[in-house]
Amino acid sequence: MDGFSELKEAVVKRVNDTGAYYSQPVLHLGRMIGTNLKLDGSTQLYPTGTYKISRTLKQPTSGWTKDAEGYEVFLPESLQPLKSGDRVLVAEIRTRYKDDFVIIDIL
């Protein structure tokens, strides 16, 4: 095999490997430590602002809220805001420039 063919194979392999890395969805389990996110198996804490929260988890700051007609109703625990100690399911969104973490559910 000549040098050009070896270079071509190396470039094709690198492109394929890179594309495979970015197209793999990754889910993690984690825990809220205060307002920080800690992923299982990692010692790193991700402070508020370095992770995102799914829209469905952005609820009022207490267990009480108003419904569409203005009546106060109590939210079940599964719909209340994130709090320290909550176990969470986190999606890692891989991009070319950085990875983003999105909390998608409370476990």
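As the structure is a prediction and not an experimental result, all values here were calculated from the model. Sequence order as written defines residue numbering, which begins from 1 separately in each chain. Only residues with pLDDT of at least 70 get local features here, since the model is predicted, and only at 80 or more are side-chain atom pairs given and counted; chain-wide, interface and lining totals rely on the full set of residues. Remark: hydrogens and water are excluded; side-chain values derive from all non-hydrogen atoms of the structure.

Draft legend 1. Seen up close, the packing of aromatic side chains. Stacked, tilted and edge-to-face are the three classes assigned to paired rings of Phe, Tyr and Trp, where Trp is represented by its six-membered ring and a pair needs centres within 6.5 Å; plane angles under 30 degrees give stacked, over 60 edge-to-face, the rest tilted. Using the criterion set out here, one finds one aromatic pair in the structure. Centroid distance Tyr46 to Phe101: 4.9 Å. Interplanar angle 55 degrees. Geometry classified as tilted. Of this pair, Tyr46 sits in strand β3 (residues 45-46) while Phe101 is found in strand β8 (residues 99-106), placing the two residues 55 residues apart along the sequence. Taking the relative accessible area as the measure of exposure, Tyr46 reaches 14% and is therefore buried. Going along the chain from the N terminus, every DSSP run of H or I of four or more residues is numbered as a helix, and every run of E of two or more is numbered as a strand. Classification of residues uses two cut-offs on accessible area relative to the type maximum, computed with a 1.4 Å probe and protein chains only: under 20% is buried, over 50% is exposed, and between them is partly exposed.

Draft legend 2. Structural context of the pairing of strand β2 (residues 36-39). Burial of β2 is one-sided: the residues Leu37 and Leu39 facing one way are buried, the residues Asn36 and Lys38 facing the other way are not. In this scheme, strands are said to pair when DSSP sees at least two bridges between them. Where strand β1 (residues 26-33) meets β2, four bridges bridge the pair, whose relative direction is antiparallel. The residue bridging Gly30 from the neighbouring strand is Leu39, located in β2. Two successive antiparallel strands, β1 and β2, enclose a turn made up of two residues, where Gly34 displays a positive phi of approximately 65 degrees. In this sheet, β3 lies alongside β2 in antiparallel orientation, the contact comprising two bridges. Paired with Lys38 across the strands is Leu45, a residue of β3.

Draft legend 3. Here's a closer look at the environment of Ile53. Examined against the element boundaries, Ile53 turns out to sit in strand β4 (residues 52-53). You can call Ile53 partly exposed: its relative accessible area is 28%.

Draft legend 4. Local environment of the sheet that holds β2. If you walk across this open sheet you meet the six strands as β3-β2-β1-β7-β8-β4, and the pairing is mixed. The two strands at the open ends of the sheet, each matched to only one other strand, are β3 and β4.

Draft legend 5. Focus on the nonpolar core. Take the buried Ala, Val, Leu, Ile, Met, Phe, Trp, Tyr and Cys residues and link them wherever side-chain atoms come within 4.5 Å; each set so joined is a nonpolar core. Listed in full, the nine residues of the largest apolar core are Met32, Leu37, Leu39, Tyr46, Tyr51, Val88, Val90, Phe101 and Ile103. When residues of this core are traced back to their parent elements, those giving at least two are β2, β7 (87-94) and β8.

Draft legend 6. Looking closely at the side chain of Asp86. Topologically, Asp86 is positioned in the loop between β6 (72-74) and β7. Under the relative-accessibility criterion, Asp86 is labelled buried at 11%. N or O atoms within 3.5 Å of each other form a polar contact, as long as, within protein, one can give a hydrogen and the other can take it, and as long as residues adjacent in sequence are counted only when both atoms are side-chain atoms. A distance of 2.9 Å separates a polar atom in the side chain of Asp86 from the backbone nitrogen of Lys83.

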